[in-house]
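# Residue-level structure breakdown
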Amino acid sequence: MNVKEKLIRFMYGRYGVDSFGKFLLVIGLIALFLSGSEDRLIFILISWMILIYEYYRMFSKDIHRRSAENQWYLNKTAKLRNFFYRQKNLMMQRRTHHIYKCPYCRQKIRIPRGKGRVEIRCPRCSTTFIKKS
């Protein structure tokens, strides 16, 4: 039996890593980094407490409680995660489209790139204006 199979057997029935666990790991590593650069005992203690709690959650067999903690974290960060998802989506669209705002009602309008000067009709207020795509 190789190491991978042993790890899989060990983790069977345990909770593993989730979004809240990844967040805790990043925060713990940042605190650990700050403890090395600042040489402050409080950062060392905080980083080790966070990292130990993360490993406790990862190896826990109380799956219901760990998933409830993760769901609480996801509910608290939903607005922030959705904001970054929308920004990422807009950046992906900007490769193939121009996004203009109507000068009167501020409605966002998406126009394909490379069509030259086009007359745009706002779907909300029916105002027409000319822009370069």
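For the structure, see preceding data.
A brief report on the enclosed structure follows. Model, not experiment: these values are computed from the prediction.

Moving on, we get to the overall build of the protein. Each helix and strand in the protein was counted, giving five helices and four strands. Listing every helix and strand of the protein by position from the N terminus yields α-α-α-α-α-β-β-β-β. Along the longest, intermediate and shortest principal axes, the C-alpha atoms of the protein span 65 × 40 × 30 Å. Counting the 133 residues in the protein, one finds 26% classified as buried. Of all intrachain contacts in the protein linking residues separated by at least 6 positions in sequence, the fraction that spans at least 24 positions is 36%. Surface summary for the protein: the accessible area is close to 10,500 Å², and the carbon and sulfur share equals 60%. Measuring between centres, the 28 positive side-chain charges of the protein sit 16 Å from its 8 negative side-chain charges.

What follows deals with the pattern of salt bridges. As enumerated under the stated definition, the model contains four salt bridges in all. Across the pair R57 and E69 runs a salt bridge, and its minimum N-O distance is 2.7 Å. Taken together, the positions of R57 in helix α3 (residues 41-59) and E69 in helix α4 (residues 63-76) put the pair 12 residues apart, joining distant regions of the chain. Here the two residues R57 and E69 agree in accessibility, since each one is buried. Of the charged contacts, one joins D62 and R65 as a salt bridge, the two residues approaching to 3.7 Å between their closest N and O atoms.

Looking now at the packing of α3 against α4. Between α3 and α4, the least distance of the axes is 9 Å, while the angle of their chain directions is 125 degrees. Considering the angle they form, α3 stands oblique to α4. On α4, the residues touching Y53, Y56 and R57 of α3 are R66, E69 and N70. When grouped by side-chain class, the residues that make up the contact of α3 with α4 number two nonpolar, one polar and three charged.

The side-chain alternation of strand β3 (residues 117-121) yields one buried face, formed by V118 and I120, and one unburied face, formed by R117, E119 and R121. Strand direction decides the pairing type here: β3 and strand β4 (residues 128-132), joined by five bridges, are antiparallel. Counted as the bridge partner of E119 is I130 from β4. Counting the residues that bridge the hairpin from β3 to β4 gives six residues, and of these S126 lies at a positive phi of roughly 65 degrees.

Let us look at the nonpolar core. Residues Y100, C102, I109, I111, V118, I120, C122 and F129 constitute the largest nonpolar core, which totals eight residues. Within the residue set of this core, elements represented by two or more residues are β2 (108-112) and β3. The next biggest cluster of nonpolar side chains, apart from the first, holds five residues, and it includes F20, L24, I50 and Y73.

A few words now on the pairing of β2. Looking along a regular strand, one sees the side chains alternate between the two faces of the sheet. On β2, burial follows the alternation: I109 and I111 on one face are buried, whereas K108, R110 and P112 on the facing-out side are not. Note that strand β1 (residues 97-101) and β2 share five bridges and pair antiparallel. Bridge assignment links K101 to a residue of β2, and that residue is K108.

Thresholds, definitions, all that
Residues numbered from 1 in each chain as written. Predicted model: local features only at pLDDT ≥ 70, side-chain atom pairs only at ≥ 80, totals over all residues. Heavy atoms only, no water. Helix = DSSP H or I, 4+ residues; strand = E, 2+ residues; numbered from the N terminus. Buried < 20%, exposed > 50% of the residue type's maximum accessible area, 1.4 Å probe, protein only. Contact = heavy atoms within 4.5 Å. Areas by Shrake-Rupley, 256 points an atom, 1.4 Å probe, with all protein chains shown as cover. Lys, Arg positive; Asp, Glu negative; His and termini not counted. Charge placed at Lys NZ, Arg CZ, Asp CG, Glu CD. Salt bridge = Lys/Arg side-chain N within 4 Å of Asp/Glu carboxyl O. Axes fitted to C-alpha atoms, helices over the stretch in contact; angles between N-to-C directions. Parallel < 35°, antiparallel > 145°, perpendicular 65-115°, else oblique. Nonpolar A, V, L, I, M, F, W, Y, C, P; charged D, E, K, R; others polar. Pairing = 2+ DSSP bridges. Core = buried A, V, L, I, M, F, W, Y, C linked by side-chain atoms within 4.5 Å.

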